[in-house]
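Fold and contact review
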Amino acid sequence: MLNCSTKAICSRGFTPNVISVRYRRVNVQKPRKPDHYRAVIETITKPRYPWPKPSDMTWSERCPKPFSKAFKQIENNPYENILAKELKELFEQSAMVAIFHKNPVKGEIDFKTRKTFKMADMDHVVYGKSTLKLALAETNYAAVLNLFQSHSSIVFSSTSQVPKLLKIIKKMPHLILLASIVDGKLLSKDQTVEYGNLVNIENARSRLIGVIGQVNNRCLQTIGQTQLTMVRYLEQYGQSLDVNREKKSTEELD
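Residues numbered from 1 in each chain as written. Predicted model: local features only at pLDDT ≥ 70, side-chain atom pairs only at ≥ 80, totals over all residues. Heavy atoms only, no water.

**Focus on the overall build of the protein chain**
Summing up its helical and strand segments, the protein chain has 10 helices and 5 strands in all. When each of the 254 residues of the protein chain is scored for burial, the buried share is 20%. Sequence separation of at least 24 residues holds for 78% of the intrachain contacts in the protein chain that already meet a minimum separation of 6. Of the accessible surface of the protein chain, which amounts to about 22,100 Å², a share of 57% is contributed by carbon and sulfur atoms. (Helix = DSSP H or I, 4+ residues; strand = E, 2+ residues; numbered from the N terminus. Buried < 20%, exposed > 50% of the residue type's maximum accessible area, 1.4 Å probe, protein only. Contact = heavy atoms within 4.5 Å. Areas by Shrake-Rupley, 256 points an atom, 1.4 Å probe, with all protein chains shown as cover.)

So, in structure tokens, the structure goes:
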């Protein structure tokens, strides 16, 4: 028998077939009992109370989350009150406040960002929405709360150095400028960029005063031109009368 099988395998026309054979058949109707450890775990994890059916429940019990949120009381946190007071003082004392959307970055990049702003005499801080609402709810800055819907950050500065701020954030793509408060006025992103592109506010004021002065001088010249021409004509007429009188006096003497 062995010789015949070896001859069949070694022959050229032999093609092997791989067939999966299952030696045990699973008994679905009467499965085998689990071992002791598994039986203990199944007994412990078996629910004692049946799952409630939504059809048998009232509408208030089907959706309990909004019902519980409506009557949920927020506890007064003393530490959050201190942070809100500090934040309110920063908004009132800062000449420039920039609001950014902050994309998630590594801690190393976040540390470099804060260091860069600190070297430029600016403070880069991050506060929670509840703290911001507690600090700015009843102030003139309440309109800013609509910008804090996701991850946000704020930059405070004691002086309005908008060009310097725009130059710094060019190297920080993870910070997206949303709005700013400069000298107590809320500016959008485009208005902030236009404000930063100004060379200097004092130079702009001096140029405006120069233009107004030129217009004033031109108006005075156009208004006084007729009077000046009248005065010149009268002077020429007076000089001609004097010349005629001198001629008559010389002729009488002769």
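The rest of the description comes next.
**Looking at a nonpolar patch on the surface**
Side chains of Tyr37, Val40, Ile41 and Ile44 sit close together on the surface and give an oily, nonpolar patch of about 420 Å² of accessible area. Checked against the element boundaries, Ile44 lands in helix α2 (residues 36-44). Classification of Ile44 by relative accessible area gives exposed; the value is 63%. (Patch = residues over 30% accessible without salt bridge, like charges linked within 9 Å, V, L, I, M, F, W, Y side chains within 5 Å. Salt bridge = Lys/Arg side-chain N within 4 Å of Asp/Glu carboxyl O.)

**Topic: the sheet that holds strand β3 (residues 152-157)**
If you walk across this open sheet you meet the 5 strands as β2-β3-β1-β4-β5, and the pairing is antiparallel. The open sheet has two edge strands with one neighbour each: β2 (122-125) and β5 (185-188). On average, adjacent strands in this sheet sit at an angle of 25° to one another, irrespective of strand direction. Of the pairings in the sheet, the one linking β2 to β3 comprises 4 bridges and is antiparallel in character. (Pairing = 2+ DSSP bridges. Axes fitted to C-alpha atoms, helices over the stretch in contact; angles between N-to-C directions.)

**Considering the pattern of salt bridges**
Throughout the structure, instances matching the rule amount to 5 salt bridges. Two residues, Asp110 and Arg114, come together in a salt bridge whose shortest N-O distance is 3.9 Å. You can see Asp110 and its partner Arg114 sitting in helix α6 (residues 107-119), 4 residues apart, about one turn around the helix. Overall, Asp110 belongs to the buried group, its relative accessible area being 18%.

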